[in-house]
Amino acid sequence: MKATRSLYVSVVILLLVFSTLAVKPAQQHLDVEARVNALLAKMTLEEKLGQLQQLDGEGNGTFRPEHLELARKGLLGSTLNVRGAKQVNQLQHVAVDESRLKIPILFGFDVIHGYRTIFPIPLAQASSWDPAAAERASSIAAKETYATGLRWTFAPMVDIARDPRWGRITEGAGEDPYLGSAFARAQVNGFQGPNYNTANRILACAKHYVGYGAAEGGRDYNTTEISENTLRSVYLPPFKAAVDAGVGTFMSAFNDLNGVPTSANHFTLTTILRDEWKFEGFVVSDYTAVKELINHGYAANDADAAQKSLSAGVDMEMVSRTFNQYGPTLLKEGRLSQKEIDEAVRRILRIKFRLGLFDHPFADETLEQNAFLNADSRAAAREIAAKSMVLLKNDNNTLPLNKNVSSIAVIGPLADDNRAPLGWWSGDGKEADTITPLQGLKNKVSPQTKINYAKGCEVTGDSRAAFTEAVEAANNSEVAVVFVGEAKEMVGEAASRSTLNLPGVQMDLVKAIHATGKPTVVVLVNGRPPTIGWIVDNVPAILESWMGGTESGNAIADILFGDVNPGGKLPVTFPRDVGQVPIYYNHMNTGRPPDPASRYNSKYQDLPSTPQFPFGFGLSYTRFEISNVQLSADRIPVNGSVKVTLDVKNVGHRAGDEVAQLYIRDVAASVTRPVKELKGFQRVSLQPGETKRVEFTLDPDRLSIWNSEMKFVVEPGEFKVMVGTSSEQLIEKTLTVERR
Ligand code: BGC
């Protein structure tokens, strides 16, 4: 009897255990909704508006006395920049222990490509064409961030950027919506993991919603005019990908979009984001973007700004305080409804609950001791940096360098610079932790190799005084490697440039070194596409190293000496001259496409119609061949799919990576379509002589377009299907989609 009973008890316990284990996210979400509603019912208007407020900390990551006061009253929903487990806990204790409703504060920070271990800038990560690499970088960043008590990053930045003058092109994945979507997904997954309510994972934020990268003239914060078709086809997809990947938050942007600033744009924030995409998280405005509605000429005053932004769909106000200050009056006057305010609060509380903030509001203060710059993290940073670099030219096998070289001249203002590699938004990355190229090369070469270092000039300025020393260094060496590009401050927010030339006298330095007749390699350290025509025409080897993060110098050395074979590809078109901008591969055709034989067509008189380097371009120390391109069918119905297969063969003598790329062109449609559009890619590693079969699927999702009625459909007709190793090196097949 006793035995039966204990068996019965065990079965019940087991069942209970299983039933809790089996609590599906949907059930968890229902529980969250119940908790949110219960809490909301207890909140005063003041407390509700408090949840909508995010305030900035001090420059050094600390909070202000005012934050404590607000937290005590339950009036501070979130902070940005306050960080460090101890700081966070101090402020959080006041919110949780002393406020009436004990609602925890959400601590956010810009962790874009690393917290302390800095990974390559996002544009570089996209050059890897390996989303798994970006996912890994983001997950390591999340772990370091989590240790500091932060639970939220303002990343990924998923703005499509077609204008290299815009400094923030550095923060995103470049010009293509398909590649951009893949990297958006990867970064969201890396930061948030399968469930962001877990140790070492943090909440992500897709920004800047939307169209910010289309700033007129590439001037930051500038006006954007984007047709709905272009918005849906080009600028929205990476945001949609972030939603599909489960991103918890969005950030509205600074730009005016077709006459309605994006931080008050009901169409994008509500019609698309909430109604179409069913996004359940919350939207934070960009920094003071709500108040800036006044400057835009869209709001007459602060109250008006609050009303327009909140009712359009912004939930949390970053730094400016109009929601808080004018919420009560707007409610009284009937300009905002209780429902609108409650909905914003509900979205914020929902995410705080989903994040587990109520259950675990405090940081473990012991984590920070061992969290940063671990050997594993550094190794990952080095590997990902090397994966992100793009070999632009390599005549006569100038690279890789021979490890037995007797002497190398290491030249240029960026050869021993430990700031630029960190790029814009370097979290709490430290210059002292950065391996500069000079250090990386020293770490690599044998003791017999003599390194002759000379700076030559500064990044900016016009002094050529140190050229002599640099020329001498080159003359005294077997080979010269020149590091030129941009300083850290020249890229990122409010860092637009009207020229893409190498700043200062750097080009002249390259010319002077080249004139010595020594084999010369140029390594670019920069955050946006540069115009370097003379170098392309004259210097035999060029490596685009980007701003490669903490381990950048080691990664550069790995590539220069052939320990790593470069396999990155450009995620953005490199123009010949700034006058060509915007120049992007997925443009529409014209009635008179470029034709060297004719005068009347779409080109400049004084420049070739082609870019300097096309989208998807990048070389290797080995060679690859694409062959055996096959479609599983030549004709498919509108709801059908087709498999595209090809062989990639390494026909050289070194192991290496190639990126197989798939493009399509919808030949005639109800709206004009780009001359080509990326629809698949895969980076494959191949031993010498090895062949791999790569397979892509073109399904209705990939074949669909936003048609003349703004519906996402496959239109019957002919498609060109192109595969190859860059957007300009393609083998073409024809596919017919039938109305069946
Ligand atoms: C930037 C955002 C950033 C925010 C908070 C703004 O100026 O545009 O990208 O997340 O500041 O630092």
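Coordinates for the structure precede this section.
Residues numbered from 1 in each chain as written. Predicted model: local features only at pLDDT ≥ 70, side-chain atom pairs only at ≥ 80, totals over all residues. Heavy atoms only, no water.

**Structural notes on the pairing of strand 20 (residues 656–666)**
Most of strand 20 is tucked away: 10 of the 11 residues are buried. As defined by bridge partners, strand 20 adjoins strand 21 (residues 677–686) across 9 bridges and the pair is classed as antiparallel. What sits directly across from Gly656, in strand 21, is Leu686. Note: strand 20 against strand 25 (residues 717–726), 6 bridges, orientation antiparallel. By the bridge assignment for strand 25, Gln661 is matched with Gly724. (Buried < 20%, exposed > 50% of the residue type's maximum accessible area, 1.4 Å probe, protein only. Helix = DSSP H or I, 4+ residues; strand = E, 2+ residues; numbered from the N terminus. Pairing = 2+ DSSP bridges.)

**Some thoughts on the site of the ligand**
Taken together, 13 residues are adjacent to the ligand, and Asp110, Arg168, Lys207, His208 and Asp286 come closest. Within the side chain of His208, one N or O atom sits 2.6 Å away from an oxygen atom of the ligand. Contact with the protein chains removes 93% of the 310 Å² of surface that the ligand exposes when unbound. Within the shell around the ligand, the residues separate by chemical class into 7 nonpolar, 1 polar and 5 charged. (Near = heavy atom within 4 Å. Polar contact = N/O pair within 3.5 Å; in protein donor to acceptor, adjacent residues only side chain to side chain. Areas by Shrake-Rupley, 256 points an atom, 1.4 Å probe, with all protein chains shown as cover. Nonpolar A, V, L, I, M, F, W, Y, C, P; charged D, E, K, R; others polar.)

**Here we look at the side chain of Arg497**
Mapped onto the elements, Arg497 comes out in the loop between strand 14 (479–485) and helix 20 (506–514). Residue class for Arg497 comes out buried when judged on its relative accessible area of 15%. Of the polar contacts made by the side chain of Arg497, one reaches the side chain of Glu486; its length is 2.7 Å. Within the structure, Arg497 has its side chain in polar contact with the backbone oxygen of Thr499 (distance 3.3 Å). The contact partners of Arg497, leaving out residues within four places of it in the chain, are Arg165, Glu486, Met490, Pro503 and Arg528. (Contact = heavy atoms within 4.5 Å.)

Just distances and angles here, no functional claims.
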